Amino acid sequence: MPVRRSKVLLVKWFFESQHKLQTIRWCSSSLRYKELEETSTQGQLEPEPPITASIPGVKPRPHITPEISFKHDDLQVTLAAPYQLQRKPDAIDLGFGKYFTDHMLKIQYEKQLGGWQKPKISPFEPLSIHPAAKALHYAIQLFEGLKAYRGVDDKIRLFRPDLNMERMNLAAARSGLPMFDGDELIKCVKRLIQIDQEWVPHSETSTLYIRPTLIGTEATFGIMAPESALLFVIMSPVSAYYKASSDGAVSIYADPSVVRAFPGGVGNRKVGSNYGPTIDATARAASMGHHQVLWLFGPNHELTEVGAMNIFTVYINEHGDKQLSTPPLNGLILPGVTRRSILELASQWEDLTVKEEVMTMERLIMLNNSGRLLEMFGSGTAVVISPISRVGFVDKEIYIPTMKQPQPVFQRVKDTLLAIQYGHIEHPYAVVIS
Ligand code: COI
């Protein structure tokens, strides 16, 4: 049939040539803007915020342009249907970040629509993301990690969530991602936890790990602040982050040829690009029988971090006092919530001197050789406290007597943190979710 055949040819030509049809692209983009205007007149959109307005309750910081934040009061909740609810895994199978709860929180940011949109809690689902999204190409993203603990009194507690919010906003500023009022996100996360409260393990060896993440979703290849972004929060019941040796300690390998961070970089921000590039060095350490990498920096081989943790040493100082020490926040170090809490808590213990100071490999070896090095440990939200008993450094094996101390500092620190987190003692660091 000639008419049908010419139609087929036209369609075929159209598919083969559409990439050349400038007019079609013009039409479709003007249609997009038309749709946008129509929606906005239906009163669905937030009014354009004044760019210079400040976030209530957030202290202004240098180099940070505050945005009008989303508000917990606008939170919309869609609960999962009974058939969408998943079976909860046994505590023994949890691992770290293998299972996810039934709901998630999503908050869109669209500059053209006035910035932050309404927060939404919805059933847990995969994201649909444009392949050109800046997060996928330039790592314009950040994440956080905090935990919800079920206390001895069955109340659920968060640990200093305000510090995670502060760190998120600092990382957002560095990557041109939109900032927000941390208190509003905490309120939304509390609601999410309340909804999925049965996912908070009834155990003191497991917790609910909360992963707020902010990604640049604008689908253009320019390396610039994204005009659209997505803040989402997912939650996972977890037990130990990794397996240690039978005595509970780990062995770490210091390879001076790799660095985790450098001055002026983003070692002090919780961005994904600090973590992906550690995989190869960690695999090499593992192939030599070590659990984690000890990250060194500079010609003096300064100790900076270990794996994804902050690092601490305990030794007898030149005055004969027992000293707890960790590297200062000099730009190379993640300002860990656990790190800060350890420093604050331990500085109240009269039998311990607490100091932020640079520690080099040479000094560490000297302290160990003279019998003054007592302990080494890593700290972080995921792991809490991880004692270290061996350091591999170039061709040396350094054995640290961490597990041989009669009353180790790492254990005291760990017990204190867990007692606060699980509500054995009332403490202002623990925020009860009512
Ligand atoms: C944490 O301790 O919260 C961490 O950052 C570890 C995480 C990257 C798994």
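Residues numbered from 1 in each chain as written. Predicted model: local features only at pLDDT ≥ 70, side-chain atom pairs only at ≥ 80, totals over all residues.

By the naming in an unreviewed UniProt entry, the protein chain goes by Branched-chain-amino-acid aminotransferase and is assigned to Parnassius mnemosyne. Turning to the protein chain, the UniProt annotation filed under Sequence similarities (unreviewed entry) states: "Belongs to the class-IV pyridoxal-phosphate-dependent aminotransferase family." In the Cofactor (unreviewed entry) part of its UniProt record, the protein chain is described as follows: "pyridoxal 5'-phosphate". (UniProt positions renumbered as here; feature names shortened; annotations may be inferred.)

Draft legend 1. The arrangement of the site of the ligand in detail. Contacts to the ligand come from Gly-145, Tyr-275, Ala-308, Gly-380, Thr-381, Ala-382 and Val-383. The class makeup of the residues in the shell around the ligand is 4 nonpolar, 3 polar and no charged. (Near = placed C-beta within 6 Å. Nonpolar A, V, L, I, M, F, W, Y, C, P; charged D, E, K, R; others polar.)

Draft legend 2. The arrangement of the UniProt feature "modified residue: N6-(pyridoxal phosphate)lysine" (unreviewed entry) in the protein chain in detail. The sites that UniProt annotates as "modified residue: N6-(pyridoxal phosphate)lysine" (unreviewed entry) are Lys-270. Following the sequence through the fold, Lys-270 ends up in the loop between strand E10 (250-254) and helix H6 (279-287). A tally of 21 C-beta atoms within 10 Å means that Lys-270 is categorised as buried. Beyond its immediate sequence surroundings of up to four residues, Lys-270 is in contact with Leu-142, Phe-143, Glu-144, Arg-167, Ala-171 and Leu-334. (Helix = DSSP H or I, 4+ residues; strand = E, 2+ residues; numbered from the N terminus. Buried ≥ 20, exposed ≤ 12 C-beta atoms within 10 Å, placed from the backbone. Contact = placed C-beta atoms within 7 Å.)

Draft legend 3. Spotlight on the nonpolar core. With 47 residues, the main nonpolar core has Leu-105, Ala-148, Val-189, Leu-192, Ile-210 and Leu-214 as its most contacted residues. Elements supplying a minimum of two residues to this core: strand E2 (103-110), strand E6 (146-150), strand E7 (156-159), helix H4 (161-174), helix H5 (182-195), strand E8 (207-216) and strand E9 (228-238). Ignoring sequence-local partners within four residues, the contact set of Leu-214 consists of Gln-141, Leu-142, Met-168, Ala-172, Leu-177, Ala-229 and Leu-231. (Core = buried A, V, L, I, M, F, W, Y, C linked by C-beta atoms within 7 Å.)

Draft legend 4. The arrangement of the environment of Glu-218 in detail. Tracing the sequence through the fold places Glu-218 in the loop between E8 and E9. For Glu-218, a count of 21 C-beta atoms within 10 Å translates into the label buried. Along the primary structure Glu-218 and Ala-133 are separated by 85 residues, whereas in three dimensions their C-alpha atoms are 5.1 Å apart. Those residues in contact with Glu-218 that sit more than four places away from it in its chain are Ala-133, Lys-134, Pro-226, Glu-227 and Ser-228.

Draft legend 5. Focus on the packing of H4 against H5. At their nearest, the axes of H4 and H5 sit 9 Å apart, and the two run at 125° to each other. When the axis of H4 is compared with that of H5, the two are oblique. Note on packing geometry: the crossing formed by H4 with H5 is right-handed. Residues Pro-161, Asp-162, Met-165, Glu-166 and Asn-169 of H4 form the contact with H5, whose own contacting residues are Gly-182, Leu-185 and Ile-186. Among the residues forming the contact of H4 with H5, the class breakdown is 4 nonpolar, 2 polar and 2 charged. (Axes fitted to C-alpha atoms, helices over the stretch in contact; angles between N-to-C directions. Parallel < 35°, antiparallel > 145°, perpendicular 65-115°, else oblique. Left-handed = near helix turned anticlockwise from the far one by under 90°.)

Draft legend 6. The arrangement of the pairing of strand E13 (residues 309-316) in detail. Taken across its 8 residues, E13 has 7 buried, putting it largely inside the fold. Where strand E12 (residues 302-306) and E13 come together, 2 bridges link them in antiparallel fashion. In the strand pairing of E13, Val-306 is matched with Met-309. Where E12 folds back on E13, the antiparallel hairpin that results is connected by 2 residues, among which Gly-307 adopts a positive phi of roughly 55°. Of the pairings in the sheet, the one linking E13 to strand E16 (residues 373-380) comprises 6 bridges and is antiparallel in character. Within E16, the residue paired with Val-314 across the bridge is Glu-375. The pairing of E13 with strand E14 (residues 322-326) spans 4 bridges and is antiparallel. In the sheet register, Val-314 faces E14, and the bridge partner there is Leu-324. In this structure, the hairpin formed by E13 and E14 is closed by a connection of 5 residues, where Gly-320 is found at a positive phi of approximately 85°. (Pairing = 2+ DSSP bridges.)

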